[in-house]
Amino acid sequence: MAIRQIREIGDEILTKQCKSVPKMTLRTKILIGDMLETMYEYNGVGLAAPQVGVLKRIVVIDVGEGPIVLINPEIIETSGEQTGEEGCLSVPGKWGIVTRPQYVKARALNQEMVPVEVEGEGLLARALCHEIDHLSGELYVDKAEDGLHDVSYHEEDEDMDGDEGEETEE
């Protein structure tokens, strides 16, 4: 397995439609392994094949409950609504507010090319929508309700310390 280069916004491949995967091949197995390794290396919760330059309908997701591999996924049911921060490995250093369904059911093939259904709420529902959008050449930036914002690690660190921006001399 290998860490692959993540394509970033502005790369034409991120705007293209992906092709269905008709059968599992050695190259596809290697791609899936590389995608998982790349997602974990960059601390992502999901990754779609076009983000590593491959126009195949494959996504990998892990919201902390173990890896999910979906081949040729399609969303078949949604309900509710959630609005929250969303980021993307292909849009580094940025985030935006996006409204997504609270609940999502998707149908796909797993790594063994066996049909599966995946249901998720909250973060998993958001990740399913986000990653499946990539397969149609859609990025979350087009859905961001108030534009993109810079990720500010400095502010996050201060909030975690509980200092609320107070300066101390040492």
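Residues numbered from 1 in each chain as written. Predicted model: local features only at pLDDT ≥ 70, side-chain atom pairs only at ≥ 80, totals over all residues. Heavy atoms only, no water.

Peer 1: How should I be thinking about unusual backbone geometry in this particular structure?
Peer 2: Backbone phi values are negative for most residues with the exception of glycine, while trans is the configuration of most peptide bonds. The phi dihedral of Asn43 falls on the positive side, at around 55 degrees, and the residue is not glycine. Summarising the element assignment, Asn43 is placed in the loop between α1 (26–41) and β1 (46–48). Since its relative accessible area comes to 71%, Asn43 is described here as exposed. Even without glycine at this site, Asn72 takes up a positive phi of about 55 degrees. On the secondary structure map, Asn72 appears in strand β3 (residues 68–79). (Helix = DSSP H or I, 4+ residues; strand = E, 2+ residues; numbered from the N terminus. Buried < 20%, exposed > 50% of the residue type's maximum accessible area, 1.4 Å probe, protein only.)

Peer 1: Hey, could you run me through α1 in this one?
Peer 2: The end-to-end C-alpha distance of α1 is 22 Å, a good match for the 22 Å that 16 residues give at a rise of 1.5 Å each. Three or more residues of α1 are buried, namely Thr28, Leu31, Ile32, Gly33, Asp34, Met35, Leu36, Thr38 and Met39. In this fold, the buried residues of α1 make contact with β1, β2 (58–61) and β3. (Expected span 1.5 Å × (residues − 1). Contact = heavy atoms within 4.5 Å.)

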